[in-house]
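Observations on chain architecture
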Amino acid sequence: MKSIITTVAGEITEVLSKVKEEEAIHLSGQLKKAKRIFVYGEGRSGLMGKAFAMRLMHGGFPVYVIGETITPSMAKGDLLIAISGSGSTGAIVQFATKAKEIGAGVFLVSTNRESKLASISDGILVIPAATKFRRAEEPETIQPLGNQFDQSVHLVLDAVIIGTLGDGDTNETMAKRHANIE
Ligand SMILES: O=C([C@H](O)CO)[C@H](O)[C@H](O)COP(=O)(O)O
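Residues numbered from 1 in each chain as written. Predicted model: local features only at pLDDT ≥ 70, side-chain atom pairs only at ≥ 80, totals over all residues. Heavy atoms only, no water.

Going by the annotation in an unreviewed UniProt entry, the name recorded for the chain is 6-phospho-3-hexuloisomerase, with Rossellomorea vietnamensis given as the source organism.

What follows is the structure, encoded as structure tokens:
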């Protein structure tokens, strides 16, 4: 088991080392600029999106997860963060198309800059990891499906939040925003 853990850690280190700094900085700038942030992803990509949205909320950002019952309507000036390893999942392509029609920005976090979603997005942060589709250009992995993407996207987005927070955003101020009924 220890050797599997070591291999997984190595895979992630390799992927993270290939993330382009300018793309992460671009995302950070868009997060600061957006009136409100909406996050969406299907399946495990969506779970990583929820973790991202939660921490953004702790950082004081106005953020919603698409599909939750209390999520309001989108408007011009809002930003959709679309998380999709493949960049081609039907629902998220549809939601991004709708967001563009409304006048919101779309920022994609994906492995695939040639994807349908990439073609309609205003910005992209490429996480060069393996997906369930095992495209020829994807890295080797011992893991099933999109594990490598899911793990990498979680770490990269956590790092982007840290790099986006202001000086006043300390562990204390963020902890105060954490749910106190749990
Ligand atoms: O849940 C997922 C699957 O287990 C692969 O790891 C994916 O996140 C889901 O299928 C959505 O796919 P993508 O839009 O390509 O991320």
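1. A short note on the site of the ligand
The test is simple: Distances are taken per atom, and a residue is near a molecule or strand as soon as one of its heavy atoms is within 4 Å of it. Pairing of N or O atoms within 3.5 Å defines a polar contact, subject to two protein rules: one partner must be a possible hydrogen donor and the other a possible acceptor, and residues neighboring in sequence count only if both atoms are side-chain atoms. What sets the accessible areas is the Shrake-Rupley method with a 1.4 Å probe; for residues, cover comes only from the shown protein chains. Here a helix means four or more residues in a row that DSSP labels H or I, a strand means two or more in a row labelled E, and each is numbered from the N terminus. Residue polarity is assigned by list, with Asp, Glu, Lys and Arg as charged and Ala, Val, Leu, Ile, Met, Phe, Trp, Tyr, Cys and Pro as nonpolar; anything else, Gly included, falls into the polar class.
By nearness alone, every residue bordering the ligand is listed as Glu42, Gly43, Arg44, Ser45, Ser84, Gly85, Ser86, Thr89, Lys132, Leu145, Gly146 and Asp150. Contacts to the ligand include Ser45, whose side-chain N or O atom sits 2.6 Å from an oxygen atom. The backbone of Gly85 places a nitrogen or oxygen atom 2.8 Å from an oxygen atom of the ligand. Burial of the ligand by the protein amounts to 82% of the accessible area it has alone, namely 400 Å². For the shell around the ligand, the element with the highest residue contribution is helix H3 (residues 43-58), accounting for 3 residues. Each residue belonging to the shell around the ligand can be placed in one class, and the counts come to 1 nonpolar, 7 polar and 4 charged.

2. Quick word on the packing of H3 against helix H6 (residues 147-164)
The following threshold applies: Each axis is a line fitted through C-alpha atoms, and for a helix only the stretch in contact is used; angles between axes span 0 to 180 degrees, taken between their N-to-C directions. Under this scheme an angle from 65 to 115 degrees is roughly perpendicular, one under 35 degrees roughly parallel, and one over 145 degrees roughly antiparallel; angles in between are oblique. By convention the crossing between two helices is left-handed if the near helix lies anticlockwise of the far one by an angle smaller than a right angle, and right-handed if it lies clockwise. Contacts are assigned to residue pairs with any non-hydrogen atoms lying within 4.5 Å of each other.
Across the interface, H3 lies against H6 with an axial gap of 10 Å and an inter-helix angle of 15°. Judged on the interaxial angle alone, H6 and H3 are roughly parallel. Crossing geometry of H3 relative to H6 is assigned as right-handed. Every residue of H6 that contacts H3 at Arg44, Ser45, Met48, Ala51, Phe52, Arg55 and Leu56 is listed here: Asn147, Phe149, Asp150, Val153, His154, Leu157 and Ile161. Its residues placed into classes, the contact of H3 with H6 shows 8 nonpolar, 3 polar and 3 charged.

3. A short note on the side chain of Thr164
The condition that has to hold: The rule is simple: take the accessible area with a 1.4 Å probe, protein chains only, and divide by the maximum for that residue type; under 20% is buried, over 50% is exposed, in between is partly exposed.
Topologically, Thr164 is positioned in helix H6. When its relative accessible area of 7% is taken as the criterion, Thr164 is described as buried. Only 2.5 Å separates the side chain of Thr164 from the backbone oxygen of Val160, close enough to count as a polar contact. Beyond its immediate sequence surroundings of up to four residues, Thr164 is in contact with Ser28, Leu31, Lys32 and Phe61.

4. A look at the pattern of salt bridges
The following threshold applies: By convention in these notes, a salt bridge is any Lys or Arg side-chain nitrogen within 4 Å of a carboxyl oxygen on Asp or Glu.
In this structure the tally under the stated criterion is 8 salt bridges. As a salt-bridge pair, Lys18 and Glu14 come within 2.9 Å of each other at their nearest N and O atoms. Its relative accessible area of 49% is what places Lys18 among the partly exposed residues. Overall, the relative accessible area of 42% leaves Glu14 in the partly exposed class. Residue Asp150 is joined to Arg44 by a salt bridge in which the shortest nitrogen-to-oxygen separation is 2.6 Å. Note that Asp150 is positioned in helix H6 and Arg44 in helix H3, a separation of 106 residues in sequence. For Arg44, a relative accessible area of 43% corresponds to the partly exposed category. Here the salt bridges share partners, and the residues they tie into one network are Arg135, Glu137 and Glu138.

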